[in-house]
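Structural features, examined
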2 protein chains.
Amino acid sequence: MQGCFGFAPTGVREQNPHLDLMEEDILYHLDLGTKTHNLPAMFGDIKFVCVGGSPNRMRAFAQFMRRELGLAGAGEDVADICAGSDRYAMYRAGPVLSISHGMGIPSISIMLHELIKLLHHAKCRDVTIIRIGTSGGLGIEAGSVVITDMAVDSSFRPRFEQVVLDDVVVRSTELDKDLAEELLTCSRDIPDFPTLIGHTMCTYDFYEGQGRLDGALCSFSSEKKLDYLRRAYEAGVRNIEMESTAFAALCGLCGLKAAVVCVALLDRLQGDQIRASHEVLWEYQQRPQRLIAAFIRKRLGLVRTD
Amino acid sequence: MQGCFGFAPTGVREQNPHLDLMEEDILYHLDLGTKTHNLPAMFGDIKFVCVGGSPNRMRAFAQFMRRELGLAGAGEDVADICAGSDRYAMYRAGPVLSISHGMGIPSISIMLHELIKLLHHAKCRDVTIIRIGTSGGLGIEAGSVVITDMAVDSSFRPRFEQVVLDDVVVRSTELDKDLAEELLTCSRDIPDFPTLIGHTMCTYDFYEGQGRLDGALCSFSSEKKLDYLRRAYEAGVRNIEMESTAFAALCGLCGLKAAVVCVALLDRLQGDQIRASHEVLWEYQQRPQRLIAAFIRKRLGLVRTD
């Protein structure tokens, strides 16, 4: 017995056989459900899903997209569709859904399972999903935007180990190559910050797992840390974050075209602490949003008139 | 080179040698720092730290503790000390700090590293830390409260595997036995819900990792699932959540006396979906809070007068 949802251009590819037997599906952490909400009416026209760690940032992105798409309500506040739960926040801007996922693989996995079921129940087709996040850069300037060509684990391997019951299943972390190229092409129209394609390393821990010397615990030397980060750089890693392998694996298995676009808040070869001002960090965080807005406008055939 | 902070009764046990060389420590995800905030003045008198996944729940707990401790400001709103960041929320009620940690090991680990450094910088002594969370029960009635005697991984082993650079370090997940017993004794004064001591299983995933049949992906049968959960029950597991092993390992290494007290929202031997009403779930979530309030009042020598 094996199954998953699929969102290939031709629609749903496969089903989880158990779900067909359920009278109702409660998407607990989103505070939505098939009996309490008309999911096709609420979400059937969604074509782009953007996810990121911080709820405030994903609200700001929805507001930004409303302005970018010239939608009514631009400038107004946007309503949190998951207001009944404080686990995640979800906002709409026309065909764009903007959702927070918290920090780390377990947190993004819960959201993705429920989001993928939501898109299935809503009968969405041809959905593109993009993670717009923050990261630590590796040998690149702070503020650079990295489009991930391959998500790798802490040993620089393009794989995600999923525990299923008490077994470990290894999954591919391949992302959509054409989508990454399309995003890189879009970035050429935004010359005021550097954008590049590279591998993204995904870790389970921000401190010891990313070789930081400034956690509550540290059992390695500065030399060991730099040796590890240099080996990561030589393996093609250009930034480090905490969600990309699980995101790539789950979206890939369910047939969603997926991309990861993260800004680097610092260069980890230069230090561990994030020392830039709130204003500078806020501007950095807008860079992936500006790139994705340009991409969505292009896909929708919108020409800038302002 | 090896080091960690310690909060044994005699004070700090060890130091991370790198931290002594830092002129400033920015606790990025808490939006606090040693140069921007007077941490000893803000936190030096903290004796109890309570952590839980949901920011709303931890705000409600701080408000509840203010009432329970008869503090000025009871009934009023409490200010989020980490308001400049939306990664975590932090509230005070007298000597009690209430902090949210999001979902999953990576998310709680980031918070704990920064919290432990905060307690160190603030020169706190004799701190007790308790995770008050929600969980899936195993062979116990929904609404039961489980005090963890041992946090185990998905193979029922009392260990936490921490990736350090590209190496794996195995850590103990022992919790404070006396504290667990003291909490069980307190529970006897609250007869209106069942409280028990048992093992808590900690997983990296809510769906496939906990044997749920209702995720976007499912590759196992109902029989396989029940076989796994029954084996967990036989190994002494009474509830399942997603943070306890990392919490026990990190607090243990840093000399913090730690406990885990979670309410079971359902019995996983009976089903996967959380179907209880918002009102019932809200009352369930108050149960660990009521137990911890009784414990803190007892520790502080407060006698109920209402």
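Quick look at the structure, then. All values derive from a computational prediction rather than experimental measurement.

Let us now look at the pattern of salt bridges. Evaluated as defined, the whole model comprises 34 salt bridges over all chains. Linking R275(B) and E24(A) is a salt bridge whose minimum nitrogen-to-oxygen distance equals 3.4 Å. Here E24(A) lies in the loop between helix 1 (17-20) and strand 2 (26-27) and R275(B) lies in the loop between strand 14 (257-267) and helix 8 (278-299), a pairing that spans two chains. The exposure class of E24(A) is buried, given its relative accessible area of 16%. With a shortest N-O distance of 3.0 Å, D192(A) and R290(A) are connected by a salt bridge. One end of the pair, D192(A), is in the loop between helix 5 (177-187) and strand 11 (195-202); the other, R290(A), is in helix 8 (residues 278-299), with 98 residues separating them in the sequence. One network of salt bridges, with partners in common, ties together R131(A), E241(A) and E243(A).

This brings us to the packing of aromatic side chains. Two aromatic rings are characterised by how far apart their centres lie and by the angle between their planes. All names here are of chain A. Counted by the stated rule, this structure contains seven aromatic pairs over all chains. On the basis of an interplanar angle of 85 degrees and a centroid distance of 6.0 Å, the ring pair of F48 and F295 is categorised as edge-to-face. Taken together, the residues F48 in strand 4 (residues 48-52) and F295 in helix 8 connect sequence positions 247 residues apart. Residue F48 shares its accessibility class with F295, and that shared class is buried. Consider the rings of F206 and Y207, whose centres lie 5.1 Å apart with planes at 75 degrees: the pair is edge-to-face. Residue Y207 is classed as buried on the basis of its relative accessible area of 1%. Its end group placed over the ring of F206, R212 keeps NZ or CZ at 3.7 Å from the ring centre.

All names here are of chain B. Within strand 13 (residues 237-241), five of the five residues are buried, which leaves the element mostly enclosed by the surrounding structure. The pairing of strand 7 (residues 128-137) with strand 13 spans two bridges and is antiparallel. Pairing of G137 across the sheet is with N239, part of strand 13. Two strands pair when backbone bridges link them, and strand 11 (residues 195-202) and strand 13 are joined in this way by four bridges, in the parallel orientation. Directly across from C202, in strand 13, lies its bridge partner E241.

A few words now on the interface of chain B and chain A. At the interface, 76 residues of chain B touch 76 residues of chain A. On the chain B side of the interface with chain A, the three residues burying the most area are M103(B), L165(B) and A216(B), jointly 13% of the side's total. Counting across the chain B and chain A interface gives six salt bridges. Seen at the junction of chain B and chain A, the total is 32 residue pairs in polar contact (both at pLDDT 80 or more). Broken down by element, the side of chain B that touches chain A gets its largest block of residues, nine residues, from helix 4 (residues 105-121) of chain B. A per-class count over the side of chain B that touches chain A returns 33 nonpolar, 26 polar and 17 charged.

Every α-helix carries 3.6 residues per turn, so stepping three or four residues along brings you back to the same face. All names here are of chain B. Relative to the 32 Å expected for 22 residues at 1.5 Å per residue, helix 8 spans 32 Å between its end C-alpha atoms, a close match to the ideal helical length. Maximal helix bending in helix 8 amounts to about 25 degrees, located at R287; proline P288 follows within four positions. Regarding helix 8, the residues found buried are L281, Y284, Q285, R287, P288, Q289, L291, I292, A293, F295, I296 and R297. Two residues or fewer past helix 8, G301 is found with a positive phi of approximately 75 degrees.

In this section: the relation of the copies chain B and chain A. Expressed as a screw transformation, the operator carrying chain B onto chain A has a rotation angle of 180 degrees and an axial translation of 0.0 Å, and the superposed copies differ by an RMSD of 0.0 Å. On this basis, the relationship between the two copies can be described by a two-fold rotation axis.

Residues and elements named next belong to chain A. The side-chain alternation of strand 5 (residues 90-93) yields two buried faces, one formed by M90 and R92 and the other by Y91 and A93. Two elements, strand 5 and strand 6 (residues 96-100), share four bridges in a ladder whose sense is antiparallel. Looking at the pairing, R92 lines up with L97 of strand 6. Hairpin remark: strand 5 followed by strand 6, antiparallel, with two residues in the connecting loop; positive phi at G94, about 60 degrees.

Bringing the environment of I105(A) into the picture now. Mapping I105(A) onto the fold places it in helix 4 (residues 105-121). Taking the C-alpha atoms as reference points, I105(A) and T34(A), 71 residues apart in sequence, are found 26 Å from one another. Those residues in contact with I105(A) that sit more than four places away from it in its chain are F160(A), C202(A), Y204(A), M242(A), E243(A), T245(A), A246(A) and P106(B).

All names here are of chain B. The interhelical angle for the contact between helix 5 (residues 177-187) and helix 8, taken along N-to-C directions, is 105 degrees, at an axis separation of 9 Å. With respect to helix 8, the axis of helix 5 lies roughly perpendicular. Of the residues in helix 8, those in contact with L179, E182, L183, T185, C186 and S187 of helix 5 are L291, I292, A294, F295, K298 and R299.

Position of S219(A) among the secondary structure elements: in the loop between strand 12 (217-218) and helix 6 (222-234). Sequence separation between S219(A) and E208(A) is 11 residues, and the spatial gap between their C-alpha atoms is 8.2 Å.

Criteria and thresholds
- Residues numbered from 1 in each chain as written.
- Chains lettered and ligands numbered in written order.
- Predicted model: local features only at pLDDT ≥ 70, side-chain atom pairs only at ≥ 80, totals over all residues.
- Heavy atoms only, no water.
- Salt bridge = Lys/Arg side-chain N within 4 Å of Asp/Glu carboxyl O.
- Helix = DSSP H or I, 4+ residues; strand = E, 2+ residues; numbered from the N terminus.
- Buried < 20%, exposed > 50% of the residue type's maximum accessible area, 1.4 Å probe, protein only.
- Phe/Tyr/Trp six-rings, centres within 6.5 Å; stacked < 30°, edge-to-face > 60°.
- Lys NZ or Arg CZ within 6 Å of the ring centre and 35° of its normal.
- Pairing = 2+ DSSP bridges.
- Contact = heavy atoms within 4.5 Å.
- Buried area = accessible area lost by both parts, 1.4 Å probe.
- Polar contact = N/O pair within 3.5 Å; in protein donor to acceptor, adjacent residues only side chain to side chain.
- Nonpolar A, V, L, I, M, F, W, Y, C, P; charged D, E, K, R; others polar.
- Expected span 1.5 Å × (residues − 1).
- Bend = angle between axes of the 7 residues up to and from the residue.
- Least-squares fit on C-alpha atoms with pLDDT ≥ 70 in both.
- Axes fitted to C-alpha atoms, helices over the stretch in contact; angles between N-to-C directions.
- Parallel < 35°, antiparallel > 145°, perpendicular 65-115°, else oblique.

No statement about biological role is implied by the geometric values presented.
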